[in-house]
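# Commentary on secondary and tertiary structure
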Amino acid sequence: MPVPRTRSRRAVLGVADQVLSSGTNYLTAFIASVVLAPDGFGYFVVAYAVVTIYSAAVRAFVGEPLLAHLPSVDDEGHRRRLVASSLGAAAVLGIVGGLLALAVGTLVGGPLAWLTAFALWLPGALVADAGRYACFVRSDTAKALAIDTAWAAAQAVALGGIALAGTWSVTALAAAWGVGALGGIALLPLLGLPRPADPRPWLRESRYLAGWFTGVSIIGQSQVYVVLLLAGLLLSHTDAAGLRAVQLLVYQPPMTFMAAVLVLLTPIFARRAVAGDRVALDRFRTLTLGAMAVLGLVVLSAIPLRHVLLELLFPRYTAFSPLVVPVAIQCALAGLTVAFHAKLRGMRRARALFGVQIVMTSGVLTGAALGLLVGGVDGLAWGMAIAGAVSLTVMAVAAERAPLPVGPRAQEVTVP
């Protein structure tokens, strides 16, 4: 039947897009781990963490509210104007972020000095990312994939040039990432997306979601990188590099798939929530749980293979193989939260999601800090794994108790 095949094709393309999008960022970090010395990679991790957190905040201010809000807007002309306005908001926030990165990198120095290498490229990266989310709202996953294909191709060419020149550095890696973003932007008008426009209409209409989603994303993204900062500042840059290498091996690839599922399911949950179809909401939640459980088993299979995988991909960090066990457990537990996270986002329970994220992040940081004090970097990893079980419980309870929204701009209800 054509409809199921079309939906299946869109889902496959959507997952492929998310894999490719996250893959470009993963590739940058992976190459940095190979071509930079451990101390240099530790410094790179700190600067790239700040850029990632800011990018996630802008995505939560623009892209993620698009997924939850636009399915409730019926007028096509109004939808297009909102998309143009959202792209304008991403551009403005990109310029602001670039100026902040330049100022902080220049004035603060240290590992943060490398923020200046990313400053020029932030506006383009954020606009290209917002364009992807505008495609996801209409289930145009093929167009989103085209944007990321252009990004990946341009970045690959830049990396190839750097390799031929033999000029590997943080600045060169940042430039390759930025050139990739420009490749994605060049494709936006060819795909029929509007030009960036006055950001104020989008800011006015999305403020009931954007603030909460921004808080959720900043807190959620920050917890991983704050932990890396703890390892780097309280232990050593080598410990931070080793922990990040294990995360790149075990945690980051599955998180790419999890992000894909979350982005794809949010509009579906949103449409079912607007229709008041709780049965469909529960069905999608169950299907997502099943998919994430299978992914969790795949992640856990890395535990017996940890020595081989580290020797193959991160030979400088084989001494950190014990970290694979707790990091894999943490990742498997995080996967199970995706179903409940998508449900809360689709139901536009942003305030409740923000509260849940506060509780989850507090638990993760507390577990990491206590573990670090007791057992160094190994204790830190186990503290995060234990906190992951608490996080899953909190997210599940919040999602299952959340009421359906009433109307396209229903106010969020804090889950008791």
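Residues numbered from 1 in each chain as written. Predicted model: local features only at pLDDT ≥ 70, side-chain atom pairs only at ≥ 80, totals over all residues. Heavy atoms only, no water.

From N to C terminus, the chain includes 14 helices and 0 strands. Put simply, the chain runs from its N terminus to its C terminus through helices and strands in the order α-α-α-α-α-α-α-α-α-α-α-α-α-α. Taken across its 416 residues, the chain has 55% of its residues classed as buried. Put simply, 82% of the contacts in the chain that link residues at least 6 apart link residues at least 24 apart. Here the chain has roughly 16700 Å² of accessible surface; of this, 70% comes from carbon and sulfur atoms. (Helix = DSSP H or I, 4+ residues; strand = E, 2+ residues; numbered from the N terminus. Buried < 20%, exposed > 50% of the residue type's maximum accessible area, 1.4 Å probe, protein only. Contact = heavy atoms within 4.5 Å. Areas by Shrake-Rupley, 256 points an atom, 1.4 Å probe, with all protein chains shown as cover.)

Quick look at the packing of aromatic side chains now. With the rule as written, the count across this model stands at 6 aromatic pairs. Aromatic side chains phenylalanine 30 and phenylalanine 314 sit 5.3 Å apart centroid to centroid with 80° between the ring planes, which places their arrangement in the edge-to-face category. With phenylalanine 30 in helix H1 (residues 2–35) and phenylalanine 314 in the loop between helix H12 (306–313) and helix H13 (324–346), the pair connects residues that are 284 residues apart, well separated along the chain. Taking the centre distance of 6.1 Å and the plane angle of 75° together, the rings of tyrosine 133 and phenylalanine 136 count as edge-to-face. With tyrosine 133 and phenylalanine 136 both in helix H6 (residues 122–137) and 3 residues apart, this pair spans about one turn of that helix. The pair formed by tyrosine 133 and phenylalanine 136 is uniform in burial state, with each residue classed as buried. (Phe/Tyr/Trp six-rings, centres within 6.5 Å; stacked < 30°, edge-to-face > 60°.)

Turning our eyes to something else, we now look at the nonpolar core. Ranked by internal contacts, the top residues of the largest apolar core, which has 114 residues, are Phe41, Phe44, Phe118, Trp177 and Leu380. Among the elements that make up this core, the one with the highest residue count is helix H10 (residues 237–274) (17 residues). Beyond its immediate stretch of four places on either side in the chain, leucine 380 contacts Val227, Ala231, Leu243, Ala368, Gly371 and Leu372. (Core = buried A, V, L, I, M, F, W, Y, C linked by side-chain atoms within 4.5 Å.)

A few words now on the packing of H6 against helix H7 (residues 141–165). Any two packed helices are characterised by the angle at which their axes cross and by the distance between the axes. Where H6 meets H7, the axes come as close as 7 Å, and the angle between the chain directions of the two elements is 160°. What the angle tells us is that H6 and H7 run roughly antiparallel. In the packing of H6 onto H7, the handedness of the crossing is left-handed. On H7, the residues touching Ala125, Ala128, Gly131, Arg132, Cys135 and Phe136 of H6 are Thr141, Lys143, Ala144, Ile147, Asp148 and Trp151. Among the residues making up the contact of H6 with H7, the classes are represented as 7 nonpolar, 2 polar and 3 charged. (Axes fitted to C-alpha atoms, helices over the stretch in contact; angles between N-to-C directions. Parallel < 35°, antiparallel > 145°, perpendicular 65-115°, else oblique. Left-handed = near helix turned anticlockwise from the far one by under 90°. Nonpolar A, V, L, I, M, F, W, Y, C, P; charged D, E, K, R; others polar.)

Take the side chain of threonine 337 next. For threonine 337, the location among the structural elements is in helix H13. Side-chain polar atoms of threonine 337 contact the backbone oxygen of alanine 334, separated by 2.6 Å. Not counting residues up to four positions away in its chain, the partners in contact with threonine 337 are Leu392 and Met395. (Polar contact = N/O pair within 3.5 Å; in protein donor to acceptor, adjacent residues only side chain to side chain.)

In the structure shown here, the tally under the stated rule is 8 salt bridges. In this structure, aspartate 282 and lysine 343 form a salt bridge, with 3.1 Å as the shortest nitrogen-oxygen distance. Here aspartate 282 is found in helix H11 (residues 278–300), whereas its partner lysine 343 is found in helix H13, with 61 residues between them in sequence. Look at aspartate 282 and you get partly exposed, because its relative accessible area is 24%. Judged by relative accessible area, lysine 343 falls into the buried class, the value being 0%. Across the pair lysine 343 and glutamate 400 runs a salt bridge whose closest N-O atoms are separated by 3.3 Å. Of this pair, lysine 343 sits in helix H13 while glutamate 400 sits in helix H14 (residues 350–401), and the two are 57 residues apart along the sequence. (Salt bridge = Lys/Arg side-chain N within 4 Å of Asp/Glu carboxyl O.)

Axis separation between helix H4 (residues 76–108) and H6 bottoms out at 7 Å; the angle between their running directions is 155°. As far as their axial angle goes, H6 and H4 are roughly antiparallel. In this structure, H4 crosses over H6, and the sense of that crossing is right-handed. Listed contacts from H6 to Arg79, Val83, Leu87, Ala90, Ala91, Leu93, Gly94, Ile95, Gly97 and Gly98 of H4 are Leu122, Pro123, Leu126, Val127, Ala130, Gly131, Ala134 and Val137. The residue inventory of the contact of H4 with H6, partitioned by class, reads 13 nonpolar, 4 polar and 1 charged.

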